[in-house]
Amino acid sequence: MNVVRVFVVSIALISLSGACIQAFDFEPNYDESQIPLYELPDPLVTGAGQKVVDARQWREQRRPEILELFRTHVYGRRPASLEATSFELIRVTPDALGGKALRKEVRVYFTGEKDGPTMDLLIHLPPQPIGPVPLFLALNFGGNHSIHADATIPLSTSWMRDNQAKGYVDHRATEASRGNAARRWPIELIVSRGYGLATAYYGDIDPDFDDGFQNGVHAAFQAAGQQRKPDDWGSIATWAWGLSRAMDYLETDEQVDHRRVAVMGHSRLGKTALWAGAEDERFALVISNDSGCGGAALSRRRIGETVGRINEVFPHWFCGNFKQYNLQENKLPVDQHMLLALMAPRPVYVASAAEDRWADPQGEFLSAYHAGPIYHLLGKPALPESKMPEIDHPMMTTVGYHIRSGKHDVTEFDWRAYLAFADKHLGGQ
Ligand code: GTR
């Protein structure tokens, strides 16, 4: 039975919520003994209280029900009619990175209109692939040119968050930002292992600021004067939708095996990768790197970043309804183990970092653990025990997990674990 009870009640948290103090007004809690009493909703009991007994009932009844709950209460609903997306192959460089990779630059026209919103996909494949290759798809934070120092990658012209130190000035990328995230993107390693890597700048899909949903694809799909509904898509849902449009392209590329695409993301983009994997089952494997609150971490634990805090600081990330759960996590009809369960029976990997307490590593692990009963129901192995593995010791069944030493980041250790997990489930080239 997938129920957790924690008997240590935080008097402080209860009295705070009773007095309706703003969710972000108190210090984050990192003390396991101060977690409020919580009970996780059981993914294998339907809304009507019926026990889910077989794979068919999960597939036909409970999975769609849980997906709808996440759409309604957490991420929001993507618009229905989006058949128009088109693609343009801008450039192919057969000998990119000193001959180590084949590069493709593809422009995605979200609405099919040349003057509408676009996303630039940067794809690296093993040079001269002998057949369609499996591929990692992951959004980036700083523009495609930030993932490698190579001077031939076009500088992004999209809106950027200002960060002088990293080369972003007046909301534009400058040459100084080229390659600033290269450490997080071991392209040469990935292609040498027989995989492709496709990336796009998340701000091409929707700029990451609270703009009243006036920019990016939100604006393109919102009729003028149309009021936003409390379950309309927030930015995470929009970014996830953009990943699906990238997948639409990948399905047309004969050098990519679209049945072996792993979607990966770090931090807010880890939350995005999970939601993309839930909404779009074409993703064969899903990886969450340090995704934390609203990603892999259980909301009810209130360790580190909380629902209230994330909604205050990033009001545009989730749907309007999610704000009802500030300091009311127990009222959520879901928790994040149910998001991971939506990946089943596909392989899912959750990674944490030991010093990333803000993302609640223990809550990320428990979430992966409590998705286990769904994997078992579908005949797949899951995490074997409720105790975290040792630091730097990845654990891999159909559900994978590691806690790496170090901070909130994406490191080569993380990528080597993802490659091993992908080798196990997707096979290399
Ligand atoms: C933090 C935020 C986290 C995480 C992170 C990131 O400020 O609190 O939820 O998403 O940003 O995306 O880097």
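A few points on the structure. (Residues numbered from 1 in each chain as written. Predicted model: local features only at pLDDT ≥ 70, side-chain atom pairs only at ≥ 80, totals over all residues. Heavy atoms only, no water.)

It is worth spelling out the overall build of the protein at this point. A tally of regular secondary structure across the protein gives 13 helices and 12 strands. On C-alpha atoms alone, the protein measures out to a radius of gyration of 21 Å, which is about the 22 Å that the 2.2 N^0.38 rule sets for 429 residues. Taken over the C-alpha atoms alone, the protein extends approximately 60 × 50 × 40 Å along its principal axes. Relative to all contacts within the protein whose residues are 6 or more apart in sequence, the contacts with residues 24 or more apart total 68%. When the accessible surface of the protein is totalled, it reaches about 16800 Å², and 52% of it is carbon and sulfur. The distance from the centre of the 44 positive side-chain charges to the centre of the 53 negative ones in the protein is 2 Å. (Helix = DSSP H or I, 4+ residues; strand = E, 2+ residues; numbered from the N terminus. Rg over C-alpha atoms; globule rule 2.2 N^0.38 Å. Contact = heavy atoms within 4.5 Å. Areas by Shrake-Rupley, 256 points an atom, 1.4 Å probe, with all protein chains shown as cover. Lys, Arg positive; Asp, Glu negative; His and termini not counted. Charge placed at Lys NZ, Arg CZ, Asp CG, Glu CD.)

Here we come to the packing of aromatic side chains. Taken as a whole, this structure holds 22 aromatic pairs when the rule is applied. The interplanar angle of 20° and the centroid separation of 6.5 Å between the aromatic rings of Phe365 and Tyr369 together place this pair among those described as stacked. Highlighted residues: Phe365 and Tyr369, both in helix 11 (residues 361-370), separated by 4 residues, approximately one helical turn. Note on Phe365: relative accessible area 0%, which makes it buried. Both rings, one in Phe365 and one in Tyr401, keep their centres 5.1 Å apart while their planes meet at 70°; by these two values the pair is edge-to-face. On the criterion of sequence distance, the pair formed by Phe365 in helix 11 and Tyr401 in strand 12 (residues 399-404) is long-range, its members being 36 residues apart. Take Phe365 and Tyr401: they sit in the same class, and that class is buried. Ring pairs connect the aromatic residues Phe136, Tyr195, Tyr349, Trp415, Tyr418 and Phe421, which therefore count as one cluster. In this structure, Arg228 is placed above the aromatic ring of Phe213, and the distance from its NZ or CZ to the ring centre is 3.4 Å. Across from the ring centre of Tyr30, 4.1 Å away, lies the NZ or CZ of Arg357, which sits over that ring. (Phe/Tyr/Trp six-rings, centres within 6.5 Å; stacked < 30°, edge-to-face > 60°. Buried < 20%, exposed > 50% of the residue type's maximum accessible area, 1.4 Å probe, protein only. Lys NZ or Arg CZ within 6 Å of the ring centre and 35° of its normal.)

Attention now moves to the nonpolar core. Among the nonpolar cores identified, the biggest contains 89 residues, and Phe70, Leu121, Leu137 and Trp275 are the most heavily contacted of them. It is helix 7 (residues 235-250) that contributes the most residues to this core, 10 residues altogether. With sequence-adjacent residues up to four places away left out, Leu121 is seen in contact with Lys104, Glu105, Val106, Val108, Leu137, Asn144, Ala198, Thr199, Ala200, Ala246 and Tyr249. (Core = buried A, V, L, I, M, F, W, Y, C linked by side-chain atoms within 4.5 Å.)

Let us now look at the layout of surface pockets. As a volume, the largest pocket reaches approximately 730 Å³. As for the largest pocket, its lining consists of 39 residues, and the residues nearest its centre are Phe141, Arg161, Lys166, Arg184 and His266. Elements supplying a minimum of two residues to the lining of the largest pocket: strand 4 (133-140), strand 8 (256-266) and helix 8 (268-279). Residue composition of the lining of the largest pocket, grouped by class: 18 nonpolar, 11 polar and 10 charged. As a volume, the second largest pocket reaches approximately 440 Å³. Looking at the second largest pocket, it is lined by 22 residues, and the ones nearest its centre are Arg107, Asp120, Thr157, Ser158 and Asp204. Mapped onto the lining of the second largest pocket, the elements with two or more residues apiece are strand 2 (101-109), strand 3 (118-125) and helix 5 (202-205). When residues of the lining of the second largest pocket are assigned to their parent elements, the largest contribution, 4 residues, is made by strand 3. Split by residue class, the lining of the second largest pocket holds 11 nonpolar, 7 polar and 4 charged. (1 Å grid on protein atoms, 1.4 Å probe; cavity = no way out; pocket = protein on both sides within 12 Å on 5 of 7 lines; lining within 4 Å. Points joined across faces, edges and corners; volume = space filled by probe spheres on them. Nonpolar A, V, L, I, M, F, W, Y, C, P; charged D, E, K, R; others polar.)

Ser267, Arg268, Lys271, Glu305, Ile310, Phe314, Trp317, Trp358 and His408 make up every residue found near the ligand. Between the ligand and the protein, one listed contact pairs an oxygen atom with a side-chain N or O atom of Glu305 at 2.5 Å. Side-chain polar atom of Trp358 to an oxygen atom of the ligand: 2.9 Å apart, as the coordinates give it. Among the cavities detected, the one that contains the ligand is the largest pocket. Of the residues assigned to the shell around the ligand, the class counts are 4 nonpolar, 2 polar and 3 charged. (Near = heavy atom within 4 Å. Polar contact = N/O pair within 3.5 Å; in protein donor to acceptor, adjacent residues only side chain to side chain. Sits in = over half its atoms within 2 Å of the grid points.)

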